[in-house]
Amino acid sequence: MKAIRVKQPGGPEAMEVVELPVPQPKPNEAVVKLGASGVNFIDVYFREGRYKAPLPLILGQEGAGVVTAVGSEARSVKVGDRVAWTGVPGAYAEYAAVPADRLVPVPAEVSDREAASVMLQGMTAHYLSHDTYPLKRGETALVHAGAGGVGLLLVQMAHNIGARVIATVSTDEKAKLARGAGADEVILYTQADFEAETKRLTGGKGVDVVYDSVGKTTFEKGLNILRPRGMMALFGGSSGAVPAFDPILLTQKGSLYLTRPSLGNYIATREELVARSGAVFGMMAAGKLKLRIEHTYPLAEAQRAHRELEGRKTTGKLLLIP
Amino acid sequence: MKAIRVEHQGGPEVMELAEVPIPQPKPTEALVRIGVAGVNSIDGQIRDGRLRAVLPFIPGQEGAGVVTAVGGQVKTVKIGDRVAWSGALGSYAEYVVSPEEHLVPVPDSISDEQAAAAMIHGLTAHYLVNDAHKLKAGETALVHAAAGGVGLLLVQMARAIGARLIGTVSSDEKAELARAAGADEVIVFTRQDFEAEVKRLTDGKGVDVVYDGVGKATFEKNLNVMRLRGMLVIYGMSSGAVPLVDPAKLSEKGSLYMARTTLAHFTATRQELLARTSALFGMIAEGKLKVRIAKTYPLAEAAQAHRDMEGRKVAGKLLLIV
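Residue numbers here run from 1 along each chain, matching the order of that chain's written sequence. Chains carry letters from A onward and ligands carry numbers from 1 onward, assigned in written order. Per-residue local features are limited, in this predicted model, to residues with pLDDT of at least 70; the limit for side-chain atom pairs, both in listing and counting, is 80 or more; totals at the level of whole chains, interfaces and linings are taken over all residues. The side-chain figures draw on all heavy atoms in the structure; neither hydrogens nor water molecules are used.

**Section: the overall build of chain A**
Of regular secondary structure, chain A possesses 9 helices and 16 strands. Its C-alpha atoms give chain A a radius of gyration of 20 Å, near enough to 20 Å, the size a compact globule of 322 residues would have. Projected onto its principal axes, the C-alpha coordinates of chain A cover approximately 60 × 35 × 35 Å. For each residue, the accessible area found with a 1.4 Å probe, counting protein chains only, is set against the maximum for its type, and the residue is called buried under 20%, exposed over 50%, and partly exposed in between. Within chain A, buried positions represent 54% of all 322 residues. We call two residues in contact when some of their heavy atoms are within 4.5 Å. A separation threshold of at least 6 residues defines the contact pool for chain A, and within that pool the share at least 24 residues apart is 67%. Where accessible areas are quoted, they stem from the Shrake-Rupley method and a 1.4 Å probe; at the residue level, only the protein chains shown are allowed to cover. With an accessible surface of roughly 13100 Å², chain A has 52% of that area assigned to carbon and sulfur atoms. Charge-centre separation for chain A: the mean point of 38 positive side chains lies 2 Å from the mean point of 33 negative side chains. Comment: elements are numbered from the N terminus, with helices defined as DSSP H or I runs of at least four residues and strands as E runs of at least two. A radius of gyration in this sense is built from C-alpha atoms; the matching globule rule multiplies 2.2 Å by the number of residues raised to 0.38. Charged residues are defined narrowly, with Lys and Arg counted positive, Asp and Glu counted negative, and His plus the chain ends left uncounted. Lys charges are placed at NZ, Arg charges at CZ, Asp charges at CG and Glu charges at CD.

**Some points on the interface of chain A and chain B**
Each partner contributes to the interface: chain A provides 28 residues, whereas chain B provides 28 residues. The term buried area means the drop in 1.4 Å probe accessible area that two parts suffer when joined, counted for both and summed. Between chain A and chain B the total buried area reaches about 2300 Å² when both faces are included, carbon and sulfur atoms providing 56% of it. Definition used for salt bridges: Asp or Glu carboxyl oxygen within 4 Å of a side-chain nitrogen of Lys or Arg. One can count 3 salt bridges joining chain A with chain B. With a closest N to O distance of 2.8 Å, R229 of chain A and E272 of chain B form a salt bridge. Here a polar contact is recorded for every N or O atom pair within 3.5 Å, except that within protein the pair must consist of a potential hydrogen donor and a potential acceptor, and residues adjacent in sequence are included only if both atoms are side-chain atoms. On the surface where chain A and chain B come into contact, there are 14 residue pairs in polar contact (both at pLDDT 80 or more). Going through the elements one at a time, α2 (112-132), β13 (226-234), α7 (248-252), β14 (257-259) and α8 (270-285) of chain A are the ones with two or more residues in the side of chain A that touches chain B. Note that Gly is not counted as nonpolar here; it falls among the polar residues with everything else outside the nonpolar set of Ala, Val, Leu, Ile, Met, Phe, Trp, Tyr, Cys and Pro and the charged set of Asp, Glu, Lys and Arg. Partitioning the side of chain A that touches chain B into residue classes produces 15 nonpolar, 7 polar and 6 charged.

**A short note on empty space enclosed by the protein**
As defined here, a cavity is a set of points on a 1 Å grid over the protein atoms alone where a 1.4 Å probe fits but cannot get out. A pocket is an open set with protein on both sides within 12 Å along at least five of seven lines, and residues line them when an atom is within 4 Å of a point. Grid points are joined across faces, edges and corners, and a volume is the space filled by probe spheres set on the points. Taken as a whole, this structure holds 2 cavities of 30 Å³ or more when the rule is applied. The computed volume of the largest cavity comes to approximately 60 Å³. Every residue lining the largest cavity is listed: A117, H121, G148, G149, L152, L153, K290, V291, R292, G316 and K317 of chain B. Elements supplying a minimum of two residues to the lining of the largest cavity: α2 (112-132) and α3 (149-161) of chain B. For the lining of the largest cavity, the element with the highest residue contribution is α3 of chain B, accounting for 3 residues. Within the lining of the largest cavity, the residues separate by chemical class into 4 nonpolar, 4 polar and 3 charged. Approximately 40 Å³ is the volume found for the second largest cavity. In terms of lining residues, the second largest cavity is bounded by D43, F46, L57, I58, L59, G60, Q61 and P89 of chain A. Contributing elements (two or more residues each) for the lining of the second largest cavity: α1 (41-48) and β4 (57-58) of chain A.

**Quick look at the packing of aromatic side chains**
All names here are of chain A. Stacked, tilted and edge-to-face are the three classes applied to pairs of Phe, Tyr and Trp rings, where Trp contributes its six-membered ring and a pair requires centres within 6.5 Å; stacked means planes under 30 degrees apart, edge-to-face means over 60, and tilted covers the rest. On inspection of all chains with the given rule, the structure shows 6 aromatic pairs over all chains. With a centroid separation of 5.2 Å and an interplanar angle of 55 degrees, the aromatic rings of Y45 and Y51 are classed as tilted. Between the aromatic rings of F46 and Y51, the centroid separation amounts to 5.5 Å while the plane-to-plane angle is 85 degrees, which identifies the pairing as edge-to-face. Here F46 falls in the buried class, since its relative accessible area comes to 17%.

**A few points about the pattern of salt bridges**
Residues and elements named next belong to chain B. All chains considered together, the criterion is met by 40 salt bridges over all chains. A salt bridge links R200 to E197; the nearest nitrogen and oxygen atoms lie 3.0 Å apart. Residue R200 and its partner E197 are located together in helix α5 (residues 194-201), separated by 3 residues, close to a single helical turn. A relative accessible area of 53% means that R200 is categorised as exposed.

**A word on the sheet that holds strand β10 (residues 185-188) of chain B**
Within the open sheet, the 12 strands sit side by side as β11(A)-β10(A)-β9(A)-β12(A)-β13(A)-β14(A)-β13(B)-β12(B)-β11(B)-β8(B)-β9(B)-β10(B). Their pairing is mixed. Each edge of the open sheet is held by one strand with a lone partner, namely β11 (185-188) of chain A together with β10 of chain B. Strand-to-strand twist of the sheet, defined as the mean angle between neighbouring strand axes without regard to direction, takes the value 15 degrees. Of the strand pairs in this sheet, strand β8 (residues 140-143) of chain B and strand β11 (residues 207-212) of chain B are connected by 3 bridges, and their pairing is parallel. Residue V143 of chain B lies in a different strand from β11 of chain B, and its bridge partner there is Y211 of chain B. In this fold helix α5 (residues 194-201) of chain A packs onto β9 (140-143), β10 (164-169), β11 and β12 (207-212) of chain A, with an angle of close to 160 degrees to the strand it touches most, β11 of chain A. Two strands pair if DSSP finds at least two bridges between them. Axes, fitted as lines to C-alpha atoms, cover a helix only where it is in contact. Angles between the N-to-C directions of the axes lie from 0 to 180 degrees.

**Regarding the environment of E29 of chain A**
Residue and element names in this part refer to chain A. Positionally, E29 belongs in strand β3 (residues 29-39). In this structure the C-alpha to C-alpha distance between E29 and I267, which are 238 residues apart in sequence, comes to 18 Å. With near-sequence residues (within four places) excluded, E29 lies in contact with Q24, V70, G71, A74, A97, V98, P99 and A100.

This is how it looks when you write it as structure tokens:
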């Protein structure tokens, strides 16, 4: 089979197309013939060596396809099942061996491409809006990077719940996308101060929750626009990590809450993983969650996919098709 | 009138009994003849300079008494009403003026001693278990300083909710008090490591919530005794301020939440203040909440009350009888 392998960490050119034997499942694993693989920033971090993994490494953390073989102890899937997963390396390939308890069923209404697009970003948007801070109708949420991969999905879910959504974006084009996803208000943070704008838009009251994947450049101002007892959900650091801070700030800004969630802790059990992915697929099947699959690339063009992702010119999901 | 006056910040001895004029209420204020004043650790922090104050001043933030005069625009109280309050500086005196919206009615079934003893500690315990983290039956909570002023009340309220409660205390004598209040498990932290004990008592799962008024000394270990997505509520810092916090730690330890709360944000509106005090006085009147008054002192002996409080030998509330 064909796979994209990294022998030595480096730039996009560190990824080479190689011919390997189709993997055999260990007792607890299933082998999946991939229909689509998601391209994520975490893949870049592994490629560069910023995140460590044994080499040589087949990249890719997210995919969807059909089960072609199962190990002797794998109970949760059978040959022929359509499945998807996230958080297991090896998806940039024609076949991948995955622990069976990390595979979730994909309903007939959802294509491989759609399933591969939402495993990481869709479940992230879901846990943020339904568990980290369960948004309620009538509440107001600020979503940073509202036209980003998670952002566009989070805006839709928050809108569907009935919350008022304020999104921040960097360009007019992205503002249109965020509005199209259901954002009630969009702040172009390159032109307006999001702190002042959010205060104005909420009549000085502040928002119930800030969903922040930007981190360093937005954190402090985010604390200033929360209502008393509001929640800062910091789930990434695209501008850099938030430095250590004095917790008394949380008191001074109004007895605020801070959490720093990650997806792994919200799909920690098989039960929760299946429930969460099922909820996301259900929204898609019902037409309540629109995906923006911006580009698909043949597997062999993984280098080009990474170059375009890192150029930050894309606004939707990138997929590799084996 | 007689009052305790502080002319320069320092040890307990800077509190001297003085003869000062009775204050006059402004149009939106009421004048109260104080029956009982509560002694709180914050009074010590203002007295010795850890918190700033405008000199000279009369200490004391909490008390109960009878309205003897009202300003021209006062609507919510009238002369003769029995009232209690927290947050009105100047309560170590025979009279105090307070904005009317800070005064709450005291039912006949509650004595001045009970009312004054319950305002800060009782309202704090109430917002912690009902709002800061809404404790549910079947959850497990860790309460530090479980035989302290807030601790003993919090333990009783948690018990009434049906939660399992683990308390930490410094001595066997305090352990007995915490058990009598309803703690299921008590850790004497002076001879047992609370991290190891909590893990043992929860079979390694950790607690749903930690209520911490200790701060610096307990912070790091607190992060190790919570379940995935557990909540740390810091409401005080008797051991000193918590040092700078790297938000990434909350992620590494299991997508944890932290809040750094203060009572004022949980009694911010008149409606919330009244609802909370009414719930609190109701529990006391029905005998569901026992307020432990450790010792009472004449007003003139305020300095001795501070010495006893700061010697950490008392378990329960200290009051000045005016």
